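Each chain is listed here by its residues.
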Amino acid sequence: MTEAVPSYLSPTGQEIIFLLLGAVAVGSALLVVTTRQLVHAALWLVLTFGALAGCYLVLTAEFVAWVQVLIYVGAVVVLLLFGIMLTRAPIGRSTDLDSRNKVTAAVVALATAAILVTVVIDGFRMAYSPLKPGAGAARELGASVFSTWVLPFEALSVLLLAALIGAIVLSRTDITGGSRTGSSSDPGSRGSGNSSGPPGGEAADGTSRMDRGH
Amino acid sequence: MHIVYPAVVSALLFSIGVYGVLARRNTILVLMSVELMLNAVNLNLVAFDVWLGDVLHSGQVLTLFVIVIAAAEVGVGLAIVLALFRNRQTVDIDHLRDLAEPEDDLSQMPAQAVAPVDANARGGDLEAVAAFRARGPADPGPPGAASATPAEPRPRSADNQPSPAPEDGPAVDGPAVDNPAERGDGRRVKRGGTS
């Protein structure tokens, strides 16, 4: 890795493909954070994840690439789309997706990008490694996971189980915990959880509670 | 393959994720931006695993672990968002200011933001504070001084008009009632009447 580094001016075919995929990933990620339509953000996210899977493939990490396609494109984006639909988000163009501190966020993001890119270019300008196919195949990766990384793998399965149970408990409404029974002495807080206000708002709910206070 | 290329792509993706987390208001869009940041980390891990030629494949195995953790995070995060939407009918982060400092509420809110919507939201805050105080068995401090100060500036901004009545709120109804539940309800009735 410290031998003679090939010139940046004559990129190989792998590097050209990687840069094109990286440009697609960065561009669609920009559209994810700037688009005005919620559903389009999720669909641009699919393109970002797909381009990143292509990047992994170019970097000879085949198994990670297919896991990326299966889990991110197949599961995470579908879950996010379900979340968008279940929160009754507007399908069309919505104007209030951006916060008021948009300029501050842009400044912070540009500063982060400048610092990271400068440091990375300065530190790894001489880093070069020829790509050898087969290093990230399922065979090697599986042998590594089930020989060296067995304990983290099992701990991760416990974490997944905990997250599954947590998601179920959070999303079901008929599970009564201790805090529910503790707060049932107060009629205001009890009613605020289950009051079927109009879907527009907090505002109508708040006024009805104020009226109940009279 | 120069390692600079994936490193730069991942740095750019991470910065885009930072922008999304800071600038978006919808909670699901914030979750998407967090996913972008996690993917930037994954690309870094894969690139440096290839560069170092690790025989244990630690970078790629760690990438798999990060992907699994991201999936769990999205599951729990969406469950939280749905519970939030069920209780508040909004997933707008800027409106979820229950835990914000009240002074910041008053000083940093621009004039157009103290609209009737926000005033009612702050009425809901007062309700939540009263409910919390009524629920809590251990109320620290004396009844008037310690417990009434955090909620004190809110009704003034909710009224949006000069009203001298809530100024001496803790001094009037503090020693009058002892039970915390009755005290919270009494203040709520009184402030509701003044508005």
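Note that the coordinates shown come from a computational prediction; the quantities given were computed from them, not determined experimentally.

Trainee: Would you mind going over the overall build of chain A with me for this structure?
Mentor: Regarding its fold elements, chain A presents nine helices and zero strands. Order of helices (α) and strands (β) in chain A, N terminus to C terminus: α-α-α-α-α-α-α-α-α. Among the 214 residues that make up chain A, the fraction classed as buried is 26%. Within chain A, contacts between residues at least 6 apart in sequence are counted, and of these 59% link residues at least 24 apart.

Trainee: Is there a simple way to think about the overall build of chain B in this case?
Mentor: Along chain B, the regular secondary structure elements total nine helices and zero strands. Along the chain direction, N to C, the helices and strands of chain B fall in the order α-α-α-α-α-α-α-α-α. In chain B, the share of contacts with a sequence separation of at least 24, taken over all contacts with a separation of at least 6, comes to 61%.

Trainee: Whenever I open this one, the packing of helix H2 (residues 38-58) of chain A against helix H3 (residues 62-86) of chain A confuses me. Can you help?
Mentor: Packed helices, taken two at a time, are described by the angle between their axes plus the distance between the axes. Residues and elements named next belong to chain A. Where H2 meets H3, the closest approach of the two axes is 8 Å, and the angle between their N-to-C directions is 175°. As far as their axial angle goes, H3 and H2 are roughly antiparallel. Across the interface between the two elements, Leu38, Val39, Ala42, Leu45, Val46, Phe49, Gly50, Leu52, Ala53, Tyr56 and Leu57 from H2 touch Glu62, Val64, Ala65, Gln68, Val69, Tyr72, Val73, Val77, Leu80, Leu81 and Ile84 from H3. Class assignment for the residues of the contact of H2 with H3 results in 19 nonpolar, two polar and one charged.

Trainee: Before we go on, may I ask you to explain unusual backbone geometry in this structure?
Mentor: Glycine aside, a negative phi is what most residues show, and trans is what most peptide bonds show. Residues and elements named next belong to chain B. The backbone of His57 sits at a positive phi, close to 55°, despite the residue not being glycine. Mapped onto the fold, His57 is located in the loop between helix H2 (27-52) and helix H3 (58-88). Residue His57 is classed as buried on the basis of its C-beta count, with 25 C-beta atoms lying within 10 Å.

Trainee: Just checking my understanding: could you explain the interface of chain B and chain A for this structure?
Mentor: Interfaces are often described in size by the accessible area the parts lose on coming together. Listed as interface residues are 81 residues of chain B and, on the opposing side, 92 residues of chain A. The set of elements that each furnish at least two residues to the side of chain B that touches chain A consists of helix H1 (4-23), H2, H3, helix H5 (116-135) and helix H9 (180-194) of chain B. Tallying contributions element by element places H3(B) first for the side of chain B that touches chain A, with 22 residues. When its residues are assigned to classes, the side of chain B that touches chain A shows 53 nonpolar, 20 polar and eight charged.

Trainee: How should the confidence of the model for chain A be read in this particular structure?
Mentor: Predicted coordinates in areas of low pLDDT are best not read in detail. All names here are of chain A. For chain A, mean pLDDT is 81; residues scoring 70 or higher make up 80% of the total. When mean pLDDT is taken per element in chain A, helix H1 (residues 13-34) scores highest with 95 and helix H9 (residues 202-213) scores lowest with 40. Low pLDDT, under 50, characterises residues 180-214; the predicted model gives this stretch 52 contacts beyond four residues in sequence or across chains.

Trainee: I would appreciate a short explanation of the environment of B:Ser15 in the present structure.
Mentor: Position of B:Ser15 among the secondary structure elements: in helix H1. Along the primary structure B:Ser15 and B:Ala40 are separated by 25 residues, whereas in three dimensions their C-alpha atoms are 9.1 Å apart. The contact partners of B:Ser15, leaving out residues within four places of it in the chain, are A:Ala109, A:Thr112, A:Ala113 and A:Leu116.

Trainee: What should I look at first to understand H1(A) in this one?
Mentor: Side chains that are three or four residues apart share a direction in an α-helix, a result of its 3.6 residues per turn. Here H1(A) contains 22 residues, and its C-alpha end-to-end distance of 32 Å stays within 8% of the 32 Å for a straight helix at 1.5 Å per residue. Buried within H1(A) we find A:Phe18, A:Leu21, A:Gly22, A:Ala25, A:Val26, A:Ser28, A:Ala29, A:Val32 and A:Val33.

Trainee: Would you explain the packing of H2(B) against H3(B) in this entry?
Mentor: Residue and element names in this part refer to chain B. Two elements in contact, H2 and H3, have axes whose closest approach is 9 Å; the angle formed by their N-to-C orientations is 175°. The pairing of H2 with H3 is recorded here as roughly antiparallel in orientation. Together, Thr27, Ile28, Leu31, Glu35, Leu38, Val41, Asn42, Leu45, Val46, Phe48 and Asp49 of H2 and Ser58, Gly59, Gln60, Leu62, Thr63, Val66, Ile67, Ala70, Val74, Gly77 and Val81 of H3 make up the contact between the two elements. Residues that form the contact of H2 with H3 fall into these classes: 13 nonpolar, seven polar and two charged.

Parameters at a glance
Residues numbered from 1 in each chain as written. Chains lettered and ligands numbered in written order. Predicted model: local features only at pLDDT ≥ 70, side-chain atom pairs only at ≥ 80, totals over all residues. Helix = DSSP H or I, 4+ residues; strand = E, 2+ residues; numbered from the N terminus. Buried ≥ 20, exposed ≤ 12 C-beta atoms within 10 Å, placed from the backbone. Contact = placed C-beta atoms within 7 Å. Axes fitted to C-alpha atoms, helices over the stretch in contact; angles between N-to-C directions. Parallel < 35°, antiparallel > 145°, perpendicular 65-115°, else oblique. Nonpolar A, V, L, I, M, F, W, Y, C, P; charged D, E, K, R; others polar. pLDDT = per-residue confidence, 0-100. Expected span 1.5 Å × (residues − 1).

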